[in-house]
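Coordinate analysis (summary)
Letter by letter, the chains look like this.
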Amino acid sequence: MPLLASVAVILCTAMVLIVWSVMGGFLNMLIGSGRTMTGDVIITWPNAGFAYYDELIADLKKEPLVEAAAPMIETFGLIALPDGRKETVTVRGIIGPEFAKVSKYNDILHWKPIKEPMPKDEFREDPRLGNIDRLSWSEIYDNGLNLRVKDKSGEYKPAMVMGIEASGFNYRTPEGFYQPATRRQAMPDGTFKLIDMFLPRDGKILLSLAPLDESGRVVEMVSRNFPIANEFQSGVYEVDERVVLIPLDVAQEMLHLHAAKRIPKANPAKESASVGPTVLPDPNQPETFPDIPSVANLIDDPARATHVLIRGKGDMESTEQAIALRKRCEAVYAAFAERHAHHVPAKESIRILTWEEQNETMIGAVKTETALLLVLFMIISLVAVFLILAIFWSMVAEKTKDIGVLRAVGASGAGVAGLWVMYGLAIGLVGSALGMVLAFTIVHNINPIHEWLGMKLGIVVWNPKVYYFTIIPNKVQLDTAIIVFVFGVLSSAIGALVPAVRAALMHPVRALRFE
Amino acid sequence: MSTAVANPSSSTPPAARAGASNAMSKPGADVALIVSNVYKTYRLGRVDVPVLRGVDLTVRQSEFVAILGASGSGKSTLLHLIGGLDRPDKPKAKSAPPTPKPNIAYQGRDITGMSARTLDRYRAQDAGFVFQFYHLLPELSVLQNVVIAGMVRWGWAYSARASQCKKQAAELLDHVGLSHRLRHKPTELSGGERQRVAIARALINQPSLLLADEPTGNLDRATGDTILDMILKIRRERNLTMLVVTHDEQTAARADRVVRLTDGKVASS
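Scope of this entry: the structure provided in the associated data block. All residue numbers refer to positions counted from 1 along the written sequence of the respective chain. Labels are handed out in written order, letters beginning with A for the chains and numbers beginning with 1 for the ligands. pLDDT decides what is reported in this predicted model: residues at 70 or higher carry local features, side-chain atom pairs at 80 or more are listed and counted, and totals for whole chains, interfaces and linings draw on all residues regardless. Just so you know, side-chain values use all the structure's heavy atoms and leave hydrogens and water out.

Below, the discussion takes up the overall build of chain B. Helix and strand definitions here come from DSSP, where helices need a minimum of 4 consecutive H or I residues and strands a minimum of 2 consecutive E residues; each element is numbered from the N-terminal end. A count of helices and strands for chain B gives eight helices and ten strands. When a residue's accessible area, from a 1.4 Å probe over protein chains only, is under 20% of the maximum for its type it is buried; when over 50% it is exposed; and in between it is partly exposed. Each of the 269 residues in chain B was classed as buried or not, and the buried ones make up 53%. Taking all contacts inside chain B whose residues are at least 6 apart in sequence as the whole, residues at least 24 apart take part in 73%. Accessible area for chain B stands at about 12,200 Å²; split by element, carbon and sulfur atoms hold 52% of it. Contacts between residues were defined by any pair of non-hydrogen atoms, one from each residue, lying within 4.5 Å. Note on areas: these come from Shrake-Rupley sampling with a 1.4 Å probe, and a residue is covered only by the protein chains present in the view.

What follows concerns unusual backbone geometry. One non-glycine residue, A:Tyr52, adopts positive backbone phi at about 55°. Tracing the backbone shows A:Tyr52 in the loop between β2 (50-51) and α2 (53-61). One non-glycine residue, B:Ser62, lies in positive phi territory at about 65°. As for its position among the elements, B:Ser62 is in the loop between β2 (47-60) and β3 (64-69).

What follows concerns the sheet that holds strand β1 (residues 31-44) of chain B. Residues and elements named next belong to chain B. Note: two strands are recorded as paired if DSSP finds a minimum of 2 bridges between them. Spatial strand order, β2-β1-β4-β5: four strands in an open sheet with antiparallel pairing. Either end of the sheet is taken by a strand with one partner, and the two such strands are β2 and β5 (109-110). Pairing geometry for strand β4 (residues 103-106) and β5, over two bridges, is antiparallel. Considered in β5, the bridge of Ala105 is made with Asp110.

This part takes up the side chain of B:Glu214. All names here are of chain B. Structurally, the position occupied by Glu214 is in the loop between β7 (209-213) and α7 (221-238). Buried and without a salt bridge, Glu214 has Lys75 as its closest oppositely charged side chain, separated by 4.3 Å. With residues up to four places along the chain from it excluded, the contact list for Glu214 reads Lys75, Gln132, Val245, Thr246 and His247. Under this rule, positive means Lys or Arg and negative means Asp or Glu; His and the chain ends count for nothing. Just to be clear on terms, a salt bridge is a Lys or Arg side-chain nitrogen sitting within 4 Å of an Asp or Glu carboxyl oxygen.

Right, let's talk about the pairing of β7(B) for a bit. All names here are of chain B. Counting buried positions along β7 gives five out of five residues, so the element sits mostly inside the fold. Along β7, one buried face is formed by Leu209, Leu211 and Asp213 and the opposite face, lined by Leu210 and Ala212, is buried too. Relative to β7, strand β6 (residues 127-130) runs parallel, the two sharing four bridges. Among the inter-strand pairings, Phe129 is bridged to a residue of β7, identified as Leu211. Pairing between β7 and strand β8 (residues 241-246): five bridges, direction parallel. In the sheet register, Leu211 faces β8, and the bridge partner there is Leu243. Note on the crossover from β7 through α7 to β8: the handedness is right-handed. Viewed with both strands pointing away, a crossover whose connecting path from the first strand over the helix to the second turns clockwise is right-handed.

Each pair of packed helices can be described by the angle between their axes along with the distance between the axes. All names here are of chain B. To get an axis, fit a line to the C-alpha atoms, keeping to the stretch in contact for a helix; angles then go from 0 to 180 degrees between the N-to-C directions. The geometry of helix α4 (residues 142-154) relative to helix α6 (residues 191-203) is characterised by a closest axis approach of 7 Å and an angle of 25° between their N-to-C directions. Viewed along their axes, α4 and α6 adopt a mutual orientation that is roughly parallel. Read as a crossing pair, α4 and α6 show a hand that is right-handed. Across from Val142, Asn145, Val146 and Ala149 in α4, the residues of α6 making contact are Val197, Ala200 and Arg201. The residue makeup of the contact of α4 with α6, split by class, is five nonpolar, one polar and one charged. Should an angle fall under 35 degrees it is taken as roughly parallel, and over 145 as roughly antiparallel, whereas 65 to 115 is taken as roughly perpendicular and any remaining angle as oblique. A crossing counts as left-handed when the near helix is turned anticlockwise from the far one by less than a right angle, and as right-handed when that turn is clockwise. Note that Gly is not counted as nonpolar here; it falls among the polar residues with everything else outside the nonpolar set of Ala, Val, Leu, Ile, Met, Phe, Trp, Tyr, Cys and Pro and the charged set of Asp, Glu, Lys and Arg.

With the rule as written, the count across this model stands at 32 salt bridges over all chains. A salt bridge links A:Glu348 to A:Lys347; its shortest N-O distance comes to 2.9 Å. By relative accessible area, A:Glu348 is classed as exposed at 62%. Residue classification places A:Lys347 among the partly exposed residues on the basis of a relative accessible area of 45%. In this structure, the salt-bridge partner of B:Arg181 is B:Glu193, at a minimum N-O distance of 3.2 Å. With B:Arg181 in the loop between α5 (158-175) and α6 and B:Glu193 in helix α6, this pair connects stretches of sequence that are twelve residues apart. By relative accessible area, which is 18% here, B:Arg181 ends up buried. Judged by its relative accessible area of 10%, B:Glu193 falls in the buried class. The structure contains a network of salt bridges with shared partners spanning A:Glu55, A:Asp59, A:Lys62 and A:Arg339.

Once that is clear, we can look at the packing of helix α14 (residues 413-444) of chain A against helix α17 (residues 478-504) of chain A. Residues and elements named next belong to chain A. In contact at an axis separation of 7 Å, α14 and α17 are set at 150° when each is read in the N-to-C sense. Taken together, the axis directions place α14 and α17 in an arrangement best described as roughly antiparallel. Crossing of α14 over α17 shows right-handed handedness. Contacts from Gly413, Val416, Ala417, Trp420, Val421, Gly424, Leu425, Gly428, Leu429, Ser432, Ala433 and Met436 in α14 reach Ala481, Val484, Phe485, Gly488, Val489, Ser492, Ala493, Ala496, Leu497, Ala500, Ala503 and Ala504 in α17. Here the residues of the contact of α14 with α17 sort into 18 nonpolar, six polar and no charged.

Before going further, it helps to examine the interface of chain B and chain A. The interface is formed by 21 residues belonging to chain B together with 18 residues belonging to chain A. Buried area: the accessible surface (1.4 Å probe) lost by two parts on joining, summed over both. Taken over both partners, the interface formed by chain B and chain A buries close to 1,600 Å², and the fraction arising from carbon and sulfur atoms is 62%. In this assembly, chain B and chain A are joined by two salt bridges. Across the pair B:Asp120 and A:Arg407 runs a salt bridge, and its minimum N-O distance is 3.7 Å. Whenever a nitrogen or oxygen atom comes within 3.5 Å of another N or O atom, the pair is scored as a polar contact, on the condition that within protein one atom can donate a hydrogen and the other can accept it, and that pairs from neighbouring residues in sequence are kept only if both atoms are in side chains. On inspection of chain B and its partner chain A, the count reaches four residue pairs in polar contact (both at pLDDT 80 or more). Elements that contribute at least two residues to the side of chain B that touches chain A include exactly α2 (75-82), α3 (116-125) and α4 of chain B. Its residues assigned to classes, the side of chain B that touches chain A shows twelve nonpolar, four polar and five charged.

Here it is as structure tokens:
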């Protein structure tokens, strides 16, 4: 019976800790993923973009809380893949080295030289460990960082960096590394040649973007062929599947957000004066044409960016730190907007948000889901309390005579109750400790277990398309473990309390005569 | 109150018996236990079953009294009341004539009026119980079964006296001839050995009152005699006041005095 009670405690504590670790880890990964791709705070004026962003970035960099700031353009686009597929994607225009300062771009570029294989890659099959035709991994990595590739003439051309899942030409092996797909090409002699679809070597993607005019209409679709410089793996499935990166200046040009000379707008007062009944031209007068402004009259229209990404100093692990940074950025932007009144969005209009705030709905939903799951599992764990109660109840019944003996040698009712509560505590301590060990073992190995379940039984619980991340969180937080441990011990003691009171209230003589 | 008279069939030397008789004729300084007006009724379903109907008894210091009676005569109930395991009925104020106040006093202390805590202490320190069916804890070893009474007595303070307590338990077990069985479980012992463990447990806290409920009732004659000899030897060594409940005339014959219970009352003593 004590063994049964211990098993109940082990299973309950392990279950709660596993759920809490995985869901809590998922939440942390979600919140932390902001740092991977977008920094801590984002200043956004979507699609239209805002001018003088370089000046804003320079202002931001002067702030003691700001580590780095970088411009970005985000828009939607269409890519045509070598196998004929057309996919809609999120296109981000970045300056590679600047972007790397606010994000973990350096780390997430996938194709790079590595010295040690991944933990499960026993046979060193990761292509990054070997050589590659005509290129080196260092070169590919450098190309990715600067979003460029050298053409045949030796000149650098702007290039695209794709999410590792975007092309569909890479598959993730059970060992955890990516392998470029291969296709069979028929040869004239009737044989087949295997060609790997490694895009960073020869791949080209046609990207189409839709620049907008001031009224928001699509002016004309602009298409351009991009060689592929590298691919990135952020770990956020949705990003890896949907995002492609191109150089900022190219994105600006394609979207008509680059620096240019523009015709000044007509005087609104003059325009309003012309409002009235339509006057037909006099056929006896010579034909007139609107004024064409001379080059001297053209005005400079500065380049625009839709986003400025900001990275804070330090670990920025807490929400409060991110909010403090956001407030500082708001103050900087307010001063900037005042200097460029009527040329940049007003401080009341611009969106300045932390990553967590920007994804509030999604993060809130995950938080609610985590809390809900925890409540559900804690309710299930309450069953364990009743299970312990039932087990202890029958143990007390079984030990009635022993209770009588203890009372006969002088034990008080409270003393007897204390013994049972201590017994419950001991079972709680042992059960919870073993539960922690079990939970730690399962959480630590949750990805291999999940893969094994998928291979042997076809069960896929963690679908990356649903949970955003390609790997299941596998870390147990110490504070979480402590809470669950204490909860397990207390639950056992509470479960033992009612039977303990029963034992305390037993009449010694009746207990001794119990058959 | 019944007057204590030495049992003529007792094995106690006549001189001692005469002394005991004299002592009892002058209750006072050497009276250890006084029981008077003790009633006890148990409720079985809807029926009240009177077990003790006004017991009066006096026991001298170091006296060995055998309580003899038929099954259901209230012997064990009386022993439980004296040992503080149970309490006598409260006087019925509305009955005619009114029931007098019950009194059980050991060494001048009123057991019936003791608080639960004091009563627990009384059981732990002053009274030692030996039961017919030994009542050893099956999960514990022989040594642990004896030590547990010490643990109960000392409570939280036990840890400071643990080694002393264990040493004392081992000595007692050695005294009852079980030094070679210290690590054994009760199930590995014979009936006589189990009773010897129970005796050692009853004595670990050095009580002055030993209460034995049919200590030889579950044993064969030879073993029972051995156990009784042992109890008597220890009683002499420790100068214990002893009440033994029995329905066995031969056992009773070895007591200083025999008290016969019939229908819940002391019929003769």
